[in-house]
Amino acid sequence: TPLYSSAASDVYKRQAVLRLWQEVQTIVRSGAVDLIVLDELSDAIHLGAIDVADVIAWLADRPGHVDVLITGQNMPAALLEAADQVSEIRRDRRS
């Protein structure tokens, strides 16, 4: 598949997301941070790049002092159920 094709681009993006996800897991497991923000993680889950069950298991296994903030639209129901706290922000269509 040529590098410029959509399929090649999707594979490259998926690999990049997985490398980043692995790095995040390593950093959090080390206990080096107190807070990590995973912006738009729900998109990576929704697109199939990261398995929601893996995220839920990772959250349950993280060091107790680490807070994780996950953002994005289309948040899987299973992840919402596993969350310690859920906040919802909606865009005001009047502005």
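Residues numbered from 1 in each chain as written. Predicted model: local features only at pLDDT ≥ 70, side-chain atom pairs only at ≥ 80, totals over all residues. Heavy atoms only, no water.

1. Overview of the nonpolar core
Residues W21, V24, L38, L41, I50, V55 and W58 are the most contacted members of the largest nonpolar core, which totals 16 residues. At the level of elements, helix 1 (6-30), strand 1 (35-38), helix 2 (41-46) and helix 3 (52-61) are the ones that each hand at least two residues to this core. The residues touching V24, leaving out its near neighbours within four places in the chain, are I36, L38 and W58. (Core = buried A, V, L, I, M, F, W, Y, C linked by side-chain atoms within 4.5 Å. Buried < 20%, exposed > 50% of the residue type's maximum accessible area, 1.4 Å probe, protein only. Helix = DSSP H or I, 4+ residues; strand = E, 2+ residues; numbered from the N terminus. Contact = heavy atoms within 4.5 Å.)

2. Observations regarding the pattern of salt bridges
For the structure shown, the criterion picks out two salt bridges. One salt bridge connects R62 with D84, and the closest N-O pair in it is separated by 3.4 Å. Of this pair, R62 sits in the loop between helix 3 and strand 2 (67-70) while D84 sits in the segment after helix 4 (77-82), and the two are 22 residues apart along the sequence. What makes D84 exposed here is its relative accessible area of 72%. Measuring nitrogen to oxygen at the nearest pair gives 2.9 Å for the salt bridge that ties R90 to E88. You'll find R90 and E88 in the same group, each marked exposed. (Salt bridge = Lys/Arg side-chain N within 4 Å of Asp/Glu carboxyl O.)

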